[in-house]
Amino acid sequence: MDNYGQVLWLPICAGLTAIGVLFSVLVWRRRGAPSGLRIFSWSLLPMGVYLIGVLPVIVPFGIRLVTWVTDAVFSLTAWIGVALLALAVLVWIVSGRLLSRRSAAVEGDGDTDAVTSRSSGKEVTAGSSSTPAKDAKAKTSAAKDKSADDDGMGDIEDILKRRGIT
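As the structure is a prediction and not an experimental result, all values here were calculated from the model.

Caption draft 1: Just the overall build of the protein, in detail. Tallying secondary structure elements over the protein gives 7 helices and 2 strands in all. Secondary structure elements in the protein, listed N-terminal to C-terminal, are α-α-α-α-α-β-β-α-α. For the protein, the residues scored as buried account for 8% of the 166 residues in total. Taking contacts inside the protein between residues at least 6 apart in sequence as the whole, the part at least 24 apart equals 35%. As displayed, the protein has an accessible area near 13,700 Å², and 68% of this comes from carbon and sulfur atoms.

Caption draft 2: Quick peek at the side chain of serine 24. Mapped onto the elements of the fold, serine 24 is located in helix 1 (residues 3-31). Taking the relative accessible area as the measure of exposure, serine 24 reaches 3% and is therefore buried.

Caption draft 3: Just the environment of tyrosine 50, in detail. Of note, tyrosine 50 is situated in helix 3 (residues 45-52). You can call tyrosine 50 buried: its relative accessible area is 17%. Sequence-wise, tyrosine 50 and cysteine 13 are 37 residues apart; in three dimensions their C-alpha atoms are separated by 6.8 Å. Sequence-distant contacts of tyrosine 50, defined by excluding residues within four places in its chain, comprise Gln6, Trp9, Leu10, Cys13 and Leu55.

Caption draft 4: Main features of the confidence of the model for the protein. Counting all residues, the mean pLDDT for the protein is 80, and 71% of those residues have values of 70 or more. The weakest mean pLDDT in the protein belongs to strand 1 (residues 114-116) at 48; the strongest belongs to helix 2 (residues 33-43) at 95. Here residues 112-124 is modelled with pLDDT under 50, and outside its nearest four sequence neighbours on either side it reaches 14 contacts, counting other chains as well.

Caption draft 5: Highlighting a nonpolar patch on the surface. Among the surface-exposed residues, Phe61, Leu65, Trp68, Val69, Val73, Phe74, Trp79 and Val82 lie close enough to one another that they form a single nonpolar patch of about 910 Å² accessible area. Mapped by element, the contributors of at least two residues to the nonpolar patch are helix 4 (55-73) and helix 5 (76-109). With 5 residues, the single largest contributor to the nonpolar patch is helix 4.

Conventions and cut-offs
Residues numbered from 1 in each chain as written. Predicted model: local features only at pLDDT ≥ 70, side-chain atom pairs only at ≥ 80, totals over all residues. Heavy atoms only, no water. Helix = DSSP H or I, 4+ residues; strand = E, 2+ residues; numbered from the N terminus. Buried < 20%, exposed > 50% of the residue type's maximum accessible area, 1.4 Å probe, protein only. Contact = heavy atoms within 4.5 Å. Areas by Shrake-Rupley, 256 points an atom, 1.4 Å probe, with all protein chains shown as cover. pLDDT = per-residue confidence, 0-100. Patch = residues over 30% accessible without salt bridge, like charges linked within 9 Å, V, L, I, M, F, W, Y side chains within 5 Å. Salt bridge = Lys/Arg side-chain N within 4 Å of Asp/Glu carboxyl O.

Written as structure tokens, this is what we have:
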């Protein structure tokens, strides 16, 4: 940056720093020292950037960034690109959910306690029949066994029978 640019930016950076310091004093009085010190630290940045000499790098970058954002906001192709990126993220999320469901279904197929019948949608326990009459008969016989054993061993025996252990 030439000397003309340095002379132009000196009052701007000094003014921003002075306004920030005044604002930090007001915040210090209202909210306390931590908030005031935080604003004070931010207010020192413009003058520090000017004195280091980084301003010639930051200003063109800021101008190019603002130009790019305004061009992107008013460009149809940019919005189509944003829509495609959003669609890609959505497809990624949906595929992850589908993969997790598939892995849960594969893990569930290895379990022999409950196998879902795909044709009827009913749950059929392993070792029992699929007709309602036989299911009712099995439940009544299990109820009789439970009443015979008052010490709770009937429940354990039912579990062992369902697992195929006798």
